[in-house]
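Fold and geometry: a report
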Amino acid sequence: MKSLDTPGGTAAPPPVLYVRAAVPGDAELLARWRREAAAWVALRHGNAQWSGPDRPERRLRLIARGATVLAQLEPDGPAVATCTVCPRGSRRRWTDEERAVPARYLRKSAVDRAHAGRGIGRLLHEWAGHRAAAAGAAVLRLDARSDNPGLQGYYRDCGWRHVRTVPGMASGALFETPALLRPGLPVLELGEIRLPG
């Protein structure tokens, strides 16, 4: 049986996620997931994604702004995934006209490799789209590595639309999906999550 994170997958529904705001103490875990994801992508796809210089100060800034969240499978369990949701997109990637559309921008998504393939990443992205819609956004956007067709295929299979690829930019493959309210989503928020607006 294929996983929900596998194109064409038909596995059982993903588990309930418990989402909480990241705190500074989570920074090392996020750095470790980045390293593990980089090693996995390099081995599986021969790609250099996430292998550039790490920027711990940026990670801590995003945590301090409330932009980064962690997902758990139990209310008091360990974190298994993360994403960051920002209110503004890069001027180098998105045009002024695109940036004029109410949107949120998904960044730094990762699932602990021990829990990959269970639909957790897809569910977390749906939650981000729900929160974006609740904040008045029309679309949720992201940028992916231009030289990683496997990752781009994953986003397409999850319903994201490829907008275009910015020439000469490592993460220049631009995607968007409608921001939709999903009141029945199996995601529960732990405490206050104040994503920047």
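A short tour of the structure in this document, coming up. (Residues numbered from 1 in each chain as written. Predicted model: local features only at pLDDT ≥ 70, side-chain atom pairs only at ≥ 80, totals over all residues. Heavy atoms only, no water.)

1. Quick notes on the nonpolar core
In terms of nonpolar packing, the biggest core is built from 31 residues, with Val 19, Leu 106, Leu 124, Trp 127 and Tyr 155 touching the most fellow members. Looking at this core, the elements that each hand over two or more residues are β1 (17-21), β2 (68-72), β3 (79-86), α4 (120-134), β5 (139-144), α5 (149-157) and β7 (173-178). In this view, Tyr 155 contacts His 125, Leu 142, Ala 144, Trp 160 and Phe 175; residues no more than four positions away in its chain are not counted. If you look at the next biggest cluster of nonpolar residues, it comprises eight residues, including Ala 27, Trp 33, Leu 70 and Ala 110. (Core = buried A, V, L, I, M, F, W, Y, C linked by side-chain atoms within 4.5 Å. Buried < 20%, exposed > 50% of the residue type's maximum accessible area, 1.4 Å probe, protein only. Helix = DSSP H or I, 4+ residues; strand = E, 2+ residues; numbered from the N terminus. Contact = heavy atoms within 4.5 Å.)

2. A short note on unusual backbone geometry
Positive phi values are uncommon outside glycine, yet Lys 108 reaches one of about 55 degrees. With respect to the secondary-structure elements, Lys 108 resides in strand β4 (residues 103-111). For Lys 108, a relative accessible area of 41% corresponds to the partly exposed category.

3. Observations regarding the sheet that holds strand β6 (residues 161-165)
Spatially, eight strands are ordered β6-β7-β5-β4-β3-β2-β1-β8 in an open sheet, and the strand pairing comes out mixed. The open sheet has two edge strands, β6 and β8 (187-190), and neither has a second partner. With strand direction ignored, the average angle separating the axes of adjacent strands in the sheet is 30 degrees. Judged from the four bridges that link them, β1 and β2 form a sheet pairing that is antiparallel. Each bridged residue has a counterpart across the sheet, and for Ala 21 the counterpart in β2 is Val 69. Contacts from helix α1 (residues 27-45) reach β2, β3 and β4, with the element oriented near 95 degrees to β3. (Pairing = 2+ DSSP bridges. Axes fitted to C-alpha atoms, helices over the stretch in contact; angles between N-to-C directions.)

4. Here we look at the pairing of β5
As a general feature of sheets, a regular strand has side chains that alternate between the two faces. Across the six residues that make up β5, a large majority, five, are buried. Here β4 runs beside β5; their pairing, made up of three bridges, is parallel. Looking at the pairing, Tyr 105 lines up with Arg 141 of β5. Between β4 and its parallel partner β5, the chain crosses via α4, and the hand of that crossover is right-handed. Here six bridges tie β5 to β7, and the two strands are oriented antiparallel to one another. Within β7, the residue paired with Arg 141 across the bridge is Glu 176. (Right-handed = clockwise from strand over helix to strand, strands pointing away.)

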